[in-house]
Amino acid sequence: MEAIVRREAEWILSQQLPRGAVVTSYPGRPKIVPYFAHLALYGLAAWGLSLPRVRAYLDWYLSRLERPDRYGVTGTVYDYYLDERGAEVPACTYDSSDSYAATFLTLVRLYYESSGDRAWVEDHRPELDLVAGAILATLQRDNLTVARPDWRVKYLMDNCEVYQGLKDYAWLLARVRGYAGEARMPNGHLEAEGEKKVSKYAQEAGRYAALAARVKDAIQAKMLLDGGYCPAIYRAGLRRRPNWKKWYPDAMAQLFPIITGVLTPREEAARRLYANFLRNYPHWYRQTAPENFITTLVVYTAALMEDRWRVRQYVEGLEENIIARGHPWPYHAAEAGILLLALKTYLAGGVKV
């Protein structure tokens, strides 16, 4: 498995452009999709691999922040196409403003945990605040986000990622910005100005932690039903019940509360949810060929749930049917990044990274 980690890390890096962006190699036309880039680099950051390359992507993303974008939101980043000369051409749209921003903040946390690069986070504090603001731009009164200002659907997957992103930003503020501006007297006490700054940063970290908690509570209160979660809430509060036989988004969305920490793997609710998934997809671990490929998000969930036998079976099939065959579509860089997370969790014995 460690050999797979090394090979897949190299393959992810082969998808990175000199300016730092990570490409999703859609058949026919490569595209820069920041959401997929974040997932691709989760694995590298978690393993502490090629961290300067991860930082290059972080710099690329922050250099592309819209102020505001076409929807009136500040702190977002568009998808980009590559023209025939390899130039990046903005698509002037994105799939979601909430998930793109939230997953970026989670990537920053993973990068900081491995690198300890407090200076980078401090230097980019204003831009990170804008990214966090892009999450809050579509936060509704019921404490759930809509995907985009013009697409007013509250998705389970997005809101789980929003919970994780806000929680991770609170973590960063508490550990990084909490040290900014400290000035100590000879006796070791903080000067008054330093105390004010630390207090301000602690309050801000607490605010984002409270926002994350409210999103989590809203997911549990408004989206939990019928032995699972509704994958989406539409206008006027219309909730769509989960259809376990429909893979996307219904069944796949059920994994996101576990993936993002809305439910911890040892909670009984997580065990019931995963058991329900297995009843509907008992042989998911066999689906590793391009024609029936199931995303690596499933094997990451299995690793979190300490389903070690199915993890091994899936990885063996993936190595034979995908990795050894040159990574055919629909496998792409984001799938490889999540695979690295799954393998790290598996090798750590199921402890979430």
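Notes on the structure in this doc start here. Each chain carries its own residue numbering, running from 1 in the written order of its sequence. pLDDT decides what is reported in this predicted model: residues at 70 or higher carry local features, side-chain atom pairs at 80 or more are listed and counted, and totals for whole chains, interfaces and linings draw on all residues regardless. Think of the side-chain values as coming from all heavy atoms in the structure, minus any hydrogens and water.

### A closer look at the overall build of the protein
Here is step 1 of the chain: Strands are runs of DSSP state E lasting at least 2 residues, helices are runs of H or I lasting at least 4, and numbering of each runs from the N terminus. Along the protein, the regular secondary structure elements total 14 helices and eight strands.
Here is step 2 of the chain: Its C-alpha radius of gyration of 20 Å places the protein within 12% of the 20 Å reference for a compact globule of 353 residues.
Here is step 3 of the chain: The principal-axis extent of the C-alpha atoms belonging to the protein is close to 65 × 45 × 45 Å.
Here is step 4 of the chain: A contact between two residues is defined here by any heavy atoms of the two lying within 4.5 Å. In the protein, 66% of the contacts between residues at least 6 apart in sequence involve partners at least 24 apart.
Here is step 5 of the chain: A total of about 14900 Å² of accessible surface is found on the protein, and carbon and sulfur atoms cover 50% of it. Between the two quantities, the radius of gyration covers C-alpha atoms and the globule rule is 2.2 Å times the number of residues to the power 0.38. Shrake-Rupley sampling with a 1.4 Å probe provides the accessible areas, and residues are treated as covered by the protein chains on show and by no other component.

### Digging into the environment of Ala 348
Here is step 1 of the chain: By the element assignment, Ala 348 lies in the segment after helix 14 (333–347).
Here is step 2 of the chain: The cut-offs for exposure are 20% and 50% of the maximum accessible area for each residue type, with area from a 1.4 Å probe on protein chains only; residues under the lower value are buried, those over the upper are exposed, and the others partly exposed. Given a relative accessible area of 43%, Ala 348 falls into the partly exposed group.

### Focus on the sheet that holds strand 3 (residues 88–90)
Here is step 1 of the chain: Spatial ordering of the open sheet is given by 1-2-3, a layout of three strands whose pairing is antiparallel. Edge positions in the open sheet fall to strand 1 (31–32) and strand 3, since each of these has one partner strand only. Paired strands, in this sense, are two strands between which DSSP finds at least two bridges.

### A closer look at the packing of helix 12 (residues 296–304) against helix 14
Relative orientation and spacing of two packed helices are given, respectively, by the angle between their axes and the distance between those axes.
Here is step 1 of the chain: Running from N to C, helix 12 and helix 14 cross one another at 15 degrees; their axes reach a closest spacing of 8 Å. Of the possible angle classes, the one that applies to helix 12 and helix 14 is roughly parallel. Considering only the axes of helix 12 and helix 14, their crossing is left-handed. Across the interface between the two elements, Thr 296, Leu 297, Val 299, Tyr 300, Ala 303 and Leu 304 from helix 12 touch Glu 335, Ile 338, Leu 339, Leu 341, Ala 342, Thr 345 and Tyr 346 from helix 14.
Here is step 2 of the chain: Residue type decides the class: Asp, Glu, Lys and Arg count as charged, Ala, Val, Leu, Ile, Met, Phe, Trp, Tyr, Cys and Pro as nonpolar, and the leftover types, Gly among them, as polar. Tallied by class, the residues present in the contact of helix 12 with helix 14 amount to ten nonpolar, two polar and one charged. Angular values range over 0 to 180 degrees, each being the angle between N-to-C directions of two axes fitted as lines to C-alpha atoms, with helices fitted over their stretch in contact. Comment on the angle field: the value is read as roughly parallel under 35 degrees, roughly antiparallel over 145, roughly perpendicular from 65 to 115, and oblique elsewhere. What makes a crossing left-handed is the near helix being turned counterclockwise from the far one by less than a right angle; a clockwise turn instead makes it right-handed.

### Thoughts on helix 13 (residues 308–323)
Here is step 1 of the chain: When we look at burial in helix 13, the residues that qualify are Val 311, Tyr 314, Val 315, Gly 317, Leu 318, Ile 322 and Ile 323.
Here is step 2 of the chain: Contacts from the buried residues of helix 13 go to helix 1 (2–14), helix 12 and helix 14.

### Notes on the layout of surface pockets
Here is step 1 of the chain: In this analysis a 1.4 Å probe is tested at points of a 1 Å grid over the protein atoms alone, and where it fits but cannot get out there is a cavity; an open set with protein on both sides within 12 Å along at least five of seven lines is a pocket; lining residues have an atom within 4 Å of a point. Grid points are joined across faces, edges and corners, and a volume is the space filled by probe spheres set on the points. Roughly 660 Å³ of internal volume is contained in the largest pocket.
Here is step 2 of the chain: Looking at the largest pocket, it is lined by 31 residues, and the ones nearest its centre are Tyr 35, Phe 36, Met 157, Tyr 248 and Met 252.
Here is step 3 of the chain: Elements with a minimum of two residues in the lining of the largest pocket: helix 2 (34–47), helix 4 (97–115), helix 7 (156–175), helix 9 (247–253), helix 12 and helix 14.
Here is step 4 of the chain: At four residues, helix 9 tops the list of elements feeding residues into the lining of the largest pocket.
Here is step 5 of the chain: Counted by class, the lining of the largest pocket contains 21 nonpolar, five polar and five charged residues.

### Overview of helix 3 (residues 51–63)
Here is step 1 of the chain: If you check helix 3, its first and last C-alpha atoms are 18 Å apart, about what 13 residues at 1.5 Å a residue would give, namely 18 Å.
Here is step 2 of the chain: Every buried residue belonging to helix 3 is among Leu 51, Val 54, Tyr 57, Leu 58, Trp 60, Tyr 61 and Leu 62, and all of these are buried. The length a helix should cover is 1.5 Å for every residue beyond the first.

### Topic: the packing of helix 4 against helix 6 (residues 125–136)
Here is step 1 of the chain: Two elements in contact, helix 4 and helix 6, have axes whose closest approach is 7 Å; the angle formed by their N-to-C orientations is 140 degrees. Considered as vectors, helix 4 and helix 6 are oriented oblique to each other. By crossing handedness, the relation of helix 4 to helix 6 is classed as left-handed. On helix 6, the residues touching Ser 97, Asp 98, Ala 101, Ala 102, Phe 104, Leu 105 and Val 108 of helix 4 are Leu 128, Val 131, Ala 132, Ala 134 and Ile 135.
Here is step 2 of the chain: Of the residues that constitute the contact of helix 4 with helix 6, the class distribution is ten nonpolar, one polar and one charged.

### Let's talk about the pattern of salt bridges
Here is step 1 of the chain: Any Lys or Arg side-chain nitrogen found within 4 Å of a carboxyl oxygen on Asp or Glu counts as a salt bridge. Overall, the coordinates contain 13 salt bridges when judged by the stated rule.
Here is step 2 of the chain: Here Arg 7 makes a salt bridge to Glu 319, at a shortest N to O gap of 2.8 Å. Of this pair, Arg 7 sits in helix 1 while Glu 319 sits in helix 13, and the two are 312 residues apart along the sequence.
Here is step 3 of the chain: Judged by its relative accessible area of 31%, Glu 319 falls in the partly exposed class.
Here is step 4 of the chain: Among the ionic contacts, a cluster of salt bridges with common partners joins Arg 109, Glu 113, Lys 167 and Asp 168.

### Overview of empty space enclosed by the protein
Here is step 1 of the chain: Applying the stated criterion to the full structure yields one cavity of 30 Å³ or more.
Here is step 2 of the chain: There is about 40 Å³ of room inside the largest cavity.
Here is step 3 of the chain: What lines the largest cavity is simply Tyr 61, Gly 75, Thr 76, Val 77, Tyr 94, Ser 96, Ser 97, Tyr 100, Ala 101 and Ala 134.
Here is step 4 of the chain: The element that contributes the greatest number of residues to the lining of the largest cavity is helix 4, accounting for three residues.
Here is step 5 of the chain: The residue inventory of the lining of the largest cavity, partitioned by class, reads six nonpolar, four polar and no charged.

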